[in-house]
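Coordinate analysis (summary)
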Amino acid sequence: MSEKLRRWLIAGVMVLGIIPFVWTSIVPLLGSVETGQTSAQETTTPTPTSTTQPVQVSQEARQEELKQRLLGQARGYEAILQTEPDNQTALLALFETRKELVQLGAADIQQTIEPLERLIRLNPKDILLQLELGSIYAQQQRFDLAIAIYDNATKLDPQDYRPLLAKGIVLQLQGKKEEAKPLFNRATVIAPAAFKEQVQAQIQQIEILTSAPKASPAPAQPAAPAPAAPNSDAQTAPAAPAPAAAPAPATTPENNLTNQTTGDKETQNP
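Residues numbered from 1 in each chain as written. Predicted model: local features only at pLDDT ≥ 70, side-chain atom pairs only at ≥ 80, totals over all residues. Heavy atoms only, no water.

On a plain count of helices and strands, the protein chain comes out with 11 helices and 0 strands. Order of helices (α) and strands (β) in the protein chain, N terminus to C terminus: α-α-α-α-α-α-α-α-α-α-α. Residues counted as buried form 33% of the 270 residues belonging to the protein chain. Across the protein chain, contacts joining residues at least 24 apart in sequence account for 59% of those joining residues at least 6 apart. As displayed, the protein chain offers around 17,800 Å² of accessible surface, 56% of which is attributable to carbon and sulfur atoms. (Helix = DSSP H or I, 4+ residues; strand = E, 2+ residues; numbered from the N terminus. Buried < 20%, exposed > 50% of the residue type's maximum accessible area, 1.4 Å probe, protein only. Contact = heavy atoms within 4.5 Å. Areas by Shrake-Rupley, 256 points an atom, 1.4 Å probe, with all protein chains shown as cover.)

If you look at the biggest cluster of nonpolar residues, it comprises 49 residues, and the most contacted ones within it are Leu116, Leu133, Tyr150, Tyr161, Leu165, Val170 and Phe184. If you list the elements that add at least two residues to this core, you get helix H3 (59-83), helix H4 (88-103), helix H5 (113-122), helix H6 (127-139), helix H7 (143-156), helix H8 (161-173), helix H9 (177-190) and helix H10 (196-210). With residues near it in sequence (within four places) discarded, Phe184 still touches Leu165, Gly168, Ile169, Gln172, Ile203, Ile206 and Glu207. (Core = buried A, V, L, I, M, F, W, Y, C linked by side-chain atoms within 4.5 Å.)

What follows concerns H8. Look at H8: 19 Å from first C-alpha to last across 13 residues, which is about the 18 Å you get at 1.5 Å a residue. H8 sits mainly inside the fold: 12 of its 13 residues count as buried. For H8, every residue scored as buried is listed here: Tyr161, Arg162, Pro163, Leu164, Leu165, Ala166, Gly168, Ile169, Val170, Leu171, Gln172 and Leu173. (Expected span 1.5 Å × (residues − 1).)

Once that is clear, we can look at the packing of aromatic side chains. Applying the stated criterion across every chain, the model contains 1 aromatic pair. Taking the centre distance of 6.3 Å and the plane angle of 40 degrees together, the rings of Tyr161 and Phe195 count as tilted. With Tyr161 in helix H8 and Phe195 in the loop between H9 and H10, the pair connects residues that are 34 residues apart, well separated along the chain. What makes Tyr161 buried here is its relative accessible area of 5%. (Phe/Tyr/Trp six-rings, centres within 6.5 Å; stacked < 30°, edge-to-face > 60°.)

Looking now at the packing of H5 against H6. Between H5 and H6, the least distance of the axes is 10 Å, while the angle of their chain directions is 150 degrees. In this view, H5 runs roughly antiparallel relative to H6, as classed from their interaxial angle. The element H5 and its partner H6 pack so that their crossing is left-handed. Two secondary-structure elements touch here, H5 through Ile113, Leu116, Glu117, Leu119 and Ile120 and H6 through Leu129, Gln130, Glu132, Leu133, Ile136 and Tyr137. (Axes fitted to C-alpha atoms, helices over the stretch in contact; angles between N-to-C directions. Parallel < 35°, antiparallel > 145°, perpendicular 65-115°, else oblique. Left-handed = near helix turned anticlockwise from the far one by under 90°.)

Attention now moves to the pattern of salt bridges. By the definition in use, this model includes 8 salt bridges. One salt bridge connects Lys99 with Glu132, and the closest N-O pair in it is separated by 3.3 Å. Residue Lys99 is located in helix H4, and its partner Glu132 is located in helix H6; the two are separated by 33 residues in the primary sequence. For Glu132, a relative accessible area of 1% puts it in the buried group. Where Arg162 meets Asp160, a salt bridge forms, and the shortest distance between an N and an O atom there is 2.5 Å. Taken as a pair, Arg162 and Asp160 share a single burial class, namely buried. The network of salt bridges with shared partners includes Glu96, Lys99 and Glu132. (Salt bridge = Lys/Arg side-chain N within 4 Å of Asp/Glu carboxyl O.)

To continue, consider the side chain of Arg162. As for its position among the elements, Arg162 is in helix H8. In terms of polar contacts, Arg162 uses its side chain to reach the side chain of Asp160, at 2.5 Å. (Polar contact = N/O pair within 3.5 Å; in protein donor to acceptor, adjacent residues only side chain to side chain.)

Here you go:
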């Protein structure tokens with residue numbers, strides 16, 4: 001997979017783009033976790049006063065601070081899961097936290113799979129979770145596993161356009177454009193009206209990214225002169241034409257006088 005395609009996948013098109021505005025099934029689970037974090041921050045973060053001077057923090061320092069905060073959150077969720085292995089709120093929060101760490105370059109994407117697989121075992125009919133897992137497999141170029149996930153999601157709901165679109169994208173990445181085309185067509189047909197334009201835009205984008213660049217035509221080369229025919233009769237080649245004689249200089253009165261004088265002298269001196 002080219003680096004450009006890999007960036008396109010990691011940027012979230014496979015994870016979020018193919019499932020727009022469908023995070024409502026996750027929000028209730030995240031709500032309790034986020035509420036607890038917000039309360040803790042409100043009690044520990046001092047309120048800045050009007051005399052507080054703004055502090056200039058570099059981008060690197062902010063990212064490092066965010067990374068350390070996320071790592072601390074991940075350790076907290078892991079501690080909860082040691083005593084409550086089926087705590088879905090902690091599993092989902094751990095998955096989301098590790099996904100953010102992957103985007104920061106502080107974790108490997110493989111670390112997101114374990115909590116996600118546990119969530120799917122607890123919610124085998126949750127198509128959204130399966131789309132997430134399939135997208136991770138696609139980013140890892142484990143295309144067969146991704147397709148198996150999308151096929152299973154389609155069995156759960158044949159009228160859901162998202163697994164069809166995702167499978168089509170994976171096939172397109174593998175160069176199987178003819179197999180991807182009917183899936184794209186079907187996904188476009190059954191997608192809700194509000195999402196049809198987004199679906200079409202994503203299909204066009206992946207087709208552009210996976211299309212081979214057209215080679216520019218080579219500049220026309222002047223034709224080489226045809227070689228002379230072999231001289232089978234041992235005839236000599238025709239001689240090159242002699243150069244034309246230089247034109248005589250124009251006659252002037254002075255020249256006429258000089259020529260006449262010269263002629264008279266020659267007549268007098270035989």
